[in-house]
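So the chains spell out like this:
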Amino acid sequence: MRKGVRTLLAVAASALAVVGGLVVASPPAVAAQLTEVTNFGTNPSNLRMHLYVPDNIGTRPAVVVAVHYCTGTGPAFYSGTQFAQLADQYKFIVIYPSATRSGACFDVSSPASLTHNGGSDSLSIVSMVRWVVQNRDGDANRVYATGASSGGMMTNVLLGAYPDVFKAGSSFMGVPFGCFATTDGSMWNSTCANGQLIKTAQQWGDQVRAAYPGYTGPRPRMQLFHGTDDTTLRYPNFGEAIKQWTNVHGLSQTPTYTDTPQSGWTRTRYGGSGVNVAVEGVSLAGVGHNLPLSGQALMAIQFFGLTSAPPSPSAPPSPSTPPSPSTPPSPSVPPSPQPPGACRVAYTVNPWNTGLTANITITNTGSSTVNGWALAFTLPGGQAITSGWNATYSPASGAVTARNLNYNGTLAPGASTTIGFNANHTGNTGRPPSFTLNGSTCTIA
C-alpha cells in the first residue's frame, strides 16, 4: 500500500469509548499485563499475537479481538484504547493481532483472506481465537471482533468469512465485506476507498454468503461507526455496509429505531430497538477519519452484550474508568494544597493526519495524600481538544486546566492516575513544555 495512504489510514490509538467519555486509556493499573503468544497455530501471514487476560477472570470468559489501524500494532491499540480497562471491569479476554507487512495494514483484499479457511490474515486471527478457546478457557459461543480503519475493514472480513466463529462485530471507519477486494496483490482499492463502489443490498449480501458456501447457521450481528467527513474511507461506505448487513440478516434497510446518543450522532437500528439488534449504524456529523471517539468502546462492548452483568465485586473498576456516559461527570473535588515538586507527569502523544491522542499519567510523589487536583499546562499553537476522558478540560486550547472527576480525585503518596484527550492540530504535534499540579511544578518523566 502506498505510504501516503498508510499514513492517512493511521487512526489515533484513540480511546475507543462510547456515548460520552473517550477512549484512550493507558494499560490498566492492575497486575494483569499484555503478553505475547507465539506458536498459536496456523499463521499463513506471520501475524503477531498479544493477549490481555484480566485478573480474576472466572470461567468461560468472552473473547474480543481488537484490530489496529494501518501503521499500528497490537500493543499500540492496547495502550491507546479502552478495551483492556473494560475487560478488567466486565471480565473478558482481549486479543490484539499485529500486522507485520510493510505499512502494517491488514489483508482485507485477497481472495484468501476473503474466503472461509482460505488463508492470509483472517485465518491467522481465527487461529488466535481458537488458541484462546483451547488454552485460556475462552467461551467459543461469545467471540467478538472490533477494529478501526484497517481494523474496521478486517472486522467486516472476519464476520463475513467466519460467521461460525464470531457472534458480533463493531467496525469503526470500515468498508463492506469484499469492497476492498483485489486480484493484483496491491491490497488497495481506490474505487472502494473513495466510496464509489455501489451495489444493491442483494449483491452485497451475496458477496458475504459466497465467502462460506453452504453455511446455514446464524449470522453475526454488526455495529458500524462512520464520520460524514471521512476523506480516507469515504462516508458512502457506511450506507453500503448497512445495505450489506441488513441483507445478510434478511432485514429492511428502513430503520426500526432512530435516536441521537450524542450531539451530531445519529444512531439507526434495524430489526428491533434494543441494544442487541442485528444491525446498528452510528453516523457522526462533521467527523473525519479519526474514530473511535469518546465512549465508543463501551458502546461496542454494550452491543456485544458484555455489560449486562455488574462488574465482579472482587475487582472494582480501575480508578481511571470513566463514569456511565449517560450521566454527566460529578463536580470536581476542590483542590487541596500540594507541596512544591511533589508530582510527576508522563505525557505521550500519538498524532495522525490533522488529529492526535494524548495520554497523561499523573503521579503523586509527595508524602501526603492529594484530595482533589487540577493539572495546568499550555498546548502548542494550533492544537485544540475535541474530547477527553477521566478529567474535565477547560478551555480547549491555549492554557488548559484538567480537573479530576469524582472517582479519581484522591491520590495517595506514590499513586497515579491516567487521563487523556483527542485534539485537532494544524501541524504542530508537540507536547506542553511544563505542568503544574495544584499550582506546583511537576517533574516530567
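Residues numbered from 1 in each chain as written. Predicted model: local features only at pLDDT ≥ 70, side-chain atom pairs only at ≥ 80, totals over all residues. Heavy atoms only, no water.

The chain is annotated in an unreviewed UniProt entry as CBM2 domain-containing protein from Catellatospora coxensis.

Here we take up the state of the cysteines. For the structure on display, the rule yields 3 disulfides. With its sulfur 1.9 Å from that of its partner, cysteine 70 forms a disulfide with cysteine 105. Across the S-S bond linking cysteine 70 and cysteine 105, the dihedral sits near 125°, which makes this disulfide right-handed. On the criterion of sequence distance, the pair formed by cysteine 70 in the loop between β4 (63-67) and α2 (74-80) and cysteine 105 in the loop between β5 (93-98) and α4 (120-135) is long-range, its members being 35 residues apart. (Disulfide = S-S within 2.5 Å. Helix = DSSP H or I, 4+ residues; strand = E, 2+ residues; numbered from the N terminus.)

Our focus in this paragraph is the packing of aromatic side chains. Using the criterion set out here, one finds 13 aromatic pairs in the structure. Measuring from centroid to centroid gives 5.7 Å for tyrosine 393 and phenylalanine 421, while their planes differ by 70°, and the two rings are edge-to-face. Of this pair, tyrosine 393 sits in strand β17 (residues 392-394) while phenylalanine 421 sits in strand β20 (residues 416-424), and the two are 28 residues apart along the sequence. Here the two residues tyrosine 393 and phenylalanine 421 agree in accessibility, since each one is buried. Through a chain of ring-to-ring contacts, the aromatic side chains of Tyr347, Phe377, Tyr393, Phe421 and Phe435 assemble into a single cluster. Note that lysine 199 overlies the ring of tryptophan 204, its terminal NZ or CZ placed 4.9 Å from the centroid. (Phe/Tyr/Trp six-rings, centres within 6.5 Å; stacked < 30°, edge-to-face > 60°. Buried < 20%, exposed > 50% of the residue type's maximum accessible area, 1.4 Å probe, protein only. Lys NZ or Arg CZ within 6 Å of the ring centre and 35° of its normal.)

It is worth spelling out the pattern of salt bridges at this point. Evaluated as defined, the whole model comprises 8 salt bridges. Aspartate 137 is the partner of arginine 60 in a salt bridge, and the nearest nitrogen-oxygen pair spans 3.3 Å. One end of the pair, arginine 60, is in the loop between β3 (48-52) and β4; the other, aspartate 137, is in the loop between α4 and β6 (143-148), and 77 residues separate them in sequence. For arginine 60, a relative accessible area of 38% gives the class partly exposed. Exposure remark for aspartate 137: the relative accessible area of 32% places this residue in the partly exposed category. A salt bridge links glutamate 240 to lysine 243; its shortest N-O distance comes to 3.0 Å. (Salt bridge = Lys/Arg side-chain N within 4 Å of Asp/Glu carboxyl O.)

To continue, consider the sheet that holds strand β10 (residues 265-270). Across a sheet, paired strands are connected by hydrogen bonds in the backbone, their directions being either parallel or antiparallel. Strand order in this open sheet of 10 strands is β2-β3-β5-β4-β6-β7-β8-β11-β10-β9, and the pairing throughout is mixed. Across the chains shown, the open sheet's two edge strands, defined by having one partner strand only, are β2 (35-37) and β9 (257-259). Averaged over all pairs of adjacent strands, the angle between their axes in this sheet comes to 20°, without regard to strand direction. Here β6 pairs with strand β7 (residues 168-172) via 5 bridges, running parallel. Paired with threonine 146 across the two strands is serine 170, which belongs to β7. (Pairing = 2+ DSSP bridges. Axes fitted to C-alpha atoms, helices over the stretch in contact; angles between N-to-C directions.)

Taken across its 6 residues, β10 has 5 buried, putting it largely inside the fold. Taken together, the 3 bridges between β9 and β10 define a ladder with antiparallel strand orientation. Each residue of the ladder has a partner; that of aspartate 259, found in β10, is arginine 267. Here β9 folds back onto β10, and the loop between the two strands holds 5 residues, one of which, glycine 264, carries a positive phi near 90°. Sheet analysis places β10 next to strand β11 (residues 279-284), joined by 6 bridges and oriented antiparallel. By the bridge assignment for β11, tyrosine 270 is matched with valine 279.

For the rest of this paragraph, the subject is the confidence of the model for the chain. Confidence in the prediction of the chain, expressed as mean pLDDT, is 85, and 85% of residues score 70 or more. Under a pLDDT of 50 for its full length, residues 309-340 has, in the predicted model, 57 contacts with residues more than four places off or in other chains. (pLDDT = per-residue confidence, 0-100. Contact = heavy atoms within 4.5 Å.)

As summarised here, the arrangement of the 5 strands in space is β17-β18-β15-β21-β22, forming an open sheet in which the pairing is antiparallel. Looking at the sheet topology across the chains shown, the edges are occupied by β17 and β22 (440-441). Judged from the 2 bridges that link them, strand β15 (residues 374-378) and strand β21 (residues 436-437) form a sheet pairing that is antiparallel. Looking at β21, one finds that alanine 376 is bridged to threonine 436.

Turning next to the packing of α4 against helix α5 (residues 150-161). Interaxial distance between α4 and α5 falls to 10 Å at its minimum, and their mutual angle equals 75°. Our classification of the angle between α4 and α5 gives roughly perpendicular. Seen from α4, the contacting residues are Asp121, Ser122, Ile125 and Val126; seen from α5, they are Met154, Val157 and Leu158. Residues that form the contact of α4 with α5 fall into these classes: 5 nonpolar, 1 polar and 1 charged. (Parallel < 35°, antiparallel > 145°, perpendicular 65-115°, else oblique. Nonpolar A, V, L, I, M, F, W, Y, C, P; charged D, E, K, R; others polar.)

With 4 of its 5 residues buried, β3 lies for the most part within the structure. Inspection of the sheet shows β2 paired to β3 by 3 bridges, in the antiparallel sense. Opposite valine 37, over in β3, you have methionine 49 as the bridge partner.

Counting 53 residues, the largest nonpolar core has Met49, Leu51, Ile95, Val132, Met154, Phe166 and Phe180 as the members making the most contacts within it. Tallying contributions element by element places α4 first for this core, with 7 residues. Discounting chain neighbours no more than four positions away, the residues touching valine 132 are Met49, Leu51, Val63, Ile93, Ile95, Asp137 and Gly138. By size, the runner-up hydrophobic cluster in this structure holds 37 residues, among which are Ala66, Tyr69, Phe83 and Val287. (Core = buried A, V, L, I, M, F, W, Y, C linked by side-chain atoms within 4.5 Å.)

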